[in-house]
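Residues per chain are reported as follows:
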Amino acid sequence: MTYSENWNLIDLYPGGVEGDAFTEKLATIQHQTDSLKQRIADYQADADPDFSEVVALTQLVQDLESGLKTVGTYINGLISADYTNPTYRSVDNRIKSLSAGFNQPFNAYKLLLAHFDAASFEKIVDLPELAPVAFTLKELRHSAQRLGNPETEALLDQLKLDGLTAWSSHYDVVAATLDMPFTDENGETKTISAGQALNMLDGYPDNDARSKLMDGYEDMWGQAETITADTLNHLAGARLTEQKSHNYENYLEEPLEMNRMSKATLDAMWQVVDQNKGMFKAYFDRKAALLGTDGIGWQDQVAPLTHVGDYKPETHSYDDVAQFIIQNFGKYSSKMADFAQQAFENQWIEAEDRPGKQPGGWMDTLPDIHESRIFLTFTGSVNDASTIAHELGHAFHSSLLTDLPLWRDDYAMNVAETASTFAELLIADANVQQAQTDAEKVVLLDAKMTNPIAMFLNIRTRFLFENKFYQEREQGYVPAERLNTLMDEAQSEAFDGILNKRHPHFWSSKLHFYIDGVPFYNFPYTFGYLFSSGIYAWAKTQDNFEEAYISLLRDTANMTTEELAQKHLGVDLTKPDFWQAGADLVQADIDEFLELSEQFVK
């Protein structure tokens, strides 16, 4: 092999979590936190006429955020790669405690910004050292208005460790203990983890085995429903309590604020998604015919087509996929290609398929060293190239901002999904375009449909469920039986009645519902997909796409989402036209899929 399927985390802190480098880093973070707290307490505006201390405090806050982010990504990487190892839990709790301790002086810093009168604050944000982060400074000044007194905020931060954050961690512990028997098409039975089962659900080729896997997966999470329902209720309850204490009018106000987007934009996007869900019916009818199944169940929505005509998809090596990504990134941007090669060569990607790994995939940054790490499981399927490209898109985005202050890398989740989904689109299209026969093109078009199915139907399901759940949670505890009903109704509505086998315990099995740091960890994905679709179409009209694209990405943490779209694309996100253009691209792929696949239906 040219490229390793295992990442390199060892060089970051030699000796690991028990080594001197890591121990000293945690001590430095604590020392910086104490220093920040004292310097803000001692601050006197009269003694800082040129605001040099404000500049220094601003840099110290960013240094602390960089350090906390780096150690947080590091420990999350260790946990994800060795999910059942209890060694890292205490270290993770230590880092979360440091983060909670940082919040108190950070809130004091926000209040300091709010203390200045308007004229003085304008002078501060106009300083050459602070002008690049003026947008963030204004956000922080505004957010100070939501804060209670320092004692209350400090108490909330400490309670979060055994509240919101603890319930999120508790879910990870529960998920790590679950396993189930699986019998393959040859009659061989083995025990698989929840993470392995999830990976197999998306890609297992045999219809009957996949259906039985779905039954077992549903049953496994059903047996855990009492614990997961309790976890979800307490996590949401803690979040609602904290939101109320910070004067949020409703449960959607915080996630919209975090994504720097308006409710009008969210509504316009979901309106178009809902109006276009019917286009998937013909696609799924044809897919069922090609699979040889009696309709489409939850387990079939992104199942691979294994036999179309005489074509049988081949598994791909990790090296081949890496070269394919590098080559096709280069058709749009040499900088994207160079970055991807660097990530593969320097072992920034953990891709090995083995037991004990966390389900799913992610990318996160190590800002102290201006690098990223990518976590996923490579199986050799046709979809794996797109998955790796997606995470590399995230990492490329962050790599473009390393020369800027840390806060310019603090882009919201919705636009974070833009670069990743754009990269994924490039590779999905490249897969289709290289097809040698109609049969191969049908298989690759079907693989490309994985993304719109997720964004239009699966993510829509999550949003509909979570929206109803939070409405009911505001009134009291929502038992597991009711959660099953809400999820079943959400799947029926989002999929427009297409599914003949649903997954009522999806609320129990889906990690994203249990993430503590980001409320409503769903709609940003659909936003990113449709926004990147618009960028993809726009890219084809640009003489110098690379320069224009990089300019857009470098602005992602420097303005609202609506301002970003207006400045770089000239579109109004509160109107349906932009979103419909993305839906039209999906319809075009469905039309081509239907036309080419008709000859293979018996």
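Everything discussed here concerns the structure shown above.
A short tour of the structure in this document, coming up. (Residues numbered from 1 in each chain as written. Predicted model: local features only at pLDDT ≥ 70, side-chain atom pairs only at ≥ 80, totals over all residues. Heavy atoms only, no water.)

### Overview of the overall build of the chain
Across its full length, the chain holds 25 helices and 7 strands. Scaling as 2.2 N^0.38, a compact globule of 602 residues should have a C-alpha radius of gyration of about 25 Å, and the chain matches this with 24 Å. Viewed in the frame of its principal axes, the chain has a C-alpha envelope of about 85 × 55 × 50 Å. Here the analysis covers contacts within the chain between residues at least 6 apart in sequence; of these, 76% occur between residues at least 24 apart. Just so you have it, the chain exposes about 24,900 Å², and 47% of that area is on carbon and sulfur atoms. Across the chain, the mean location of the 46 positive side-chain charges is 3 Å away from that of the 93 negative side-chain charges. (Helix = DSSP H or I, 4+ residues; strand = E, 2+ residues; numbered from the N terminus. Rg over C-alpha atoms; globule rule 2.2 N^0.38 Å. Contact = heavy atoms within 4.5 Å. Areas by Shrake-Rupley, 256 points an atom, 1.4 Å probe, with all protein chains shown as cover. Lys, Arg positive; Asp, Glu negative; His and termini not counted. Charge placed at Lys NZ, Arg CZ, Asp CG, Glu CD.)

### Some remarks on the environment of K335
Within the secondary structure, K335 is located in helix α15 (residues 334–345). A C-alpha to C-alpha distance of 8.7 Å links K335 and F396, two positions 61 residues apart in sequence. Every residue in contact with K335, bar those within four places of it in the chain, is listed here: F396, E546 and I550.

### Description of the side chain of S168
Looking at the secondary structure, you find S168 in helix α7 (residues 164–177). Those residues in contact with S168 that sit more than four places away from it in its chain are L235, Y514, I515 and D516.

### Focus: the packing of aromatic side chains
As enumerated under the stated definition, the model contains 48 aromatic pairs in all. Between Y318 and F344, the aromatic rings sit 5.9 Å apart at their centres with planes inclined by 75 degrees, giving edge-to-face as the arrangement. Highlighted residues: Y318 in helix α14 (residues 318–329) and F344 in helix α15, separated in sequence by 26 residues. Its relative accessible area of 2% is what places Y318 among the buried residues. Through a chain of ring-to-ring contacts, the aromatic side chains of Y251, W270, W298, F463, F465, F469, Y470, F495, F506, F513, F520 and F523 assemble into a single cluster. Of note, R141 hangs over the ring of F121, and the distance from its end group to the ring centre comes to 4.5 Å. One cation-aromatic arrangement involves K357 over F375; the distance from NZ or CZ to the ring centre is 4.8 Å. (Phe/Tyr/Trp six-rings, centres within 6.5 Å; stacked < 30°, edge-to-face > 60°. Buried < 20%, exposed > 50% of the residue type's maximum accessible area, 1.4 Å probe, protein only. Lys NZ or Arg CZ within 6 Å of the ring centre and 35° of its normal.)

### Focus: unusual backbone geometry
Unusually for a residue other than glycine, H370 sits at a positive phi of about 55 degrees. With respect to the helices and strands, H370 occurs in the loop between β5 (362–366) and β6 (371–375). Of the residues examined, H370 reaches a relative accessible area of 51% and is grouped as exposed. Even without a glycine there, the phi angle at D496 is positive, about 55 degrees. If you trace the backbone, D496 turns up in the loop between α20 (480–494) and β7 (499–501).

### Some points on the pairing of β5
Burial analysis of β5 places 5 of its 5 residues in the buried class, the great majority of the element. Here β5 shows two buried faces, one formed by W362, D364 and L366 and the other by M363 and T365. In this structure, β5 lies alongside β6, joined through 5 bridges in antiparallel fashion. By the bridge assignment, D364 is partnered in β6 with R373. Adjacent in sequence and paired antiparallel, β5 and β6 are bridged by 4 residues, among which H370 carries a positive phi angle near 55 degrees. (Pairing = 2+ DSSP bridges.)

### Details of helix α12 (residues 263–275)
If you check α12, its first and last C-alpha atoms are 18 Å apart, about what 13 residues at 1.5 Å a residue would give, namely 18 Å. Considered for burial, the residues of α12 that qualify are T265, L266, A268, M269, W270, V272 and V273. Residues of α12 that are buried in the fold lie against α11 (253–258), α19 (450–473), α22 (523–539), α24 (561–569) and α25 (576–597). (Expected span 1.5 Å × (residues − 1).)

### Focus: the pairing of strand β1 (residues 179–183)
Here β1 shows a clear split, with M180 and F182 buried on one side and none of D179, P181 and T183 buried on the other. Across 5 bridges, β1 lies against strand β2 (residues 189–193) in antiparallel orientation. Bridging from a neighbouring strand, M180 pairs with I192 of β2. Between β1 and β2, which pair antiparallel in sequence order, lie 5 residues; one of them, G187, sits at a positive phi of approximately 85 degrees.

### Let's talk about the packing of helix α17 (residues 413–433) against helix α18 (residues 438–448)
For the pair α17 and α18, the least separation of the axes is 8 Å and the interaxial angle reads 165 degrees. If you check the angle between α17 and α18, you find them roughly antiparallel. In this structure, α17 crosses over α18, and the sense of that crossing is left-handed. Residue-level inspection shows L425, A428, D429, N431 and V432 of α17 in contact with α18, the latter providing K441, L444, L445 and K448. Looking at the contact of α17 with α18 residue by residue, the classes come out as 5 nonpolar, 1 polar and 3 charged. (Axes fitted to C-alpha atoms, helices over the stretch in contact; angles between N-to-C directions. Parallel < 35°, antiparallel > 145°, perpendicular 65-115°, else oblique. Left-handed = near helix turned anticlockwise from the far one by under 90°. Nonpolar A, V, L, I, M, F, W, Y, C, P; charged D, E, K, R; others polar.)

### A closer look at α15
Look at α15: 16 Å from first C-alpha to last across 12 residues, which is about the 16 Å you get at 1.5 Å a residue. Within α15 the residues assigned to the buried category are M336, A337, F339, A340, A343 and F344. Across the axial projection of α15, the buried residues extend over an arc of 165 degrees, all falling on one side. Elements that come into contact with the buried residues of α15 comprise α14, β4 (349–350), α16 (384–399), α17 and α23 (545–554). The distance from a side-chain oxygen at the start of α15 to the backbone nitrogen of K335 is 3.3 Å, and the residue carrying that oxygen is S333. Looking one or two places after α15, you find Q347, whose phi comes out positive at around 60 degrees. (Arc of directions from axis to C-beta. Polar contact = N/O pair within 3.5 Å; in protein donor to acceptor, adjacent residues only side chain to side chain.)

### Details of the side chain of H246
Relative to the helices and strands, H246 is located in the loop between α10 (225–245) and α11. Those residues in contact with H246 that lie beyond four places of it in its chain are R146, L147, E153 and L156.

### Focus: the pattern of salt bridges
Considering all chains together, one arrives at 26 salt bridges under this definition. Among the ionic pairs, R146 bridges to E257, the shortest N-O distance being 3.1 Å. Here R146, found in the loop between α5 (134–143) and α6 (150–161), pairs with E257, found in helix α11; they are 111 residues apart in sequence, far enough to count as distant. On the accessibility criterion, R146 (12% relative accessible area) is buried. Residue D403 pairs with R554 through a salt bridge whose shortest N-O separation is 2.9 Å. Of this pair, D403 sits in the loop between α16 and α17 while R554 is found in helix α23, placing the two residues 151 residues apart along the sequence. Its relative accessible area of 56% is what places D403 among the exposed residues. Salt bridges sharing common partners tie together E350, E352, R354 and K357. (Salt bridge = Lys/Arg side-chain N within 4 Å of Asp/Glu carboxyl O.)

Read these as layout, nothing more, since geometry by itself doesn't imply function.
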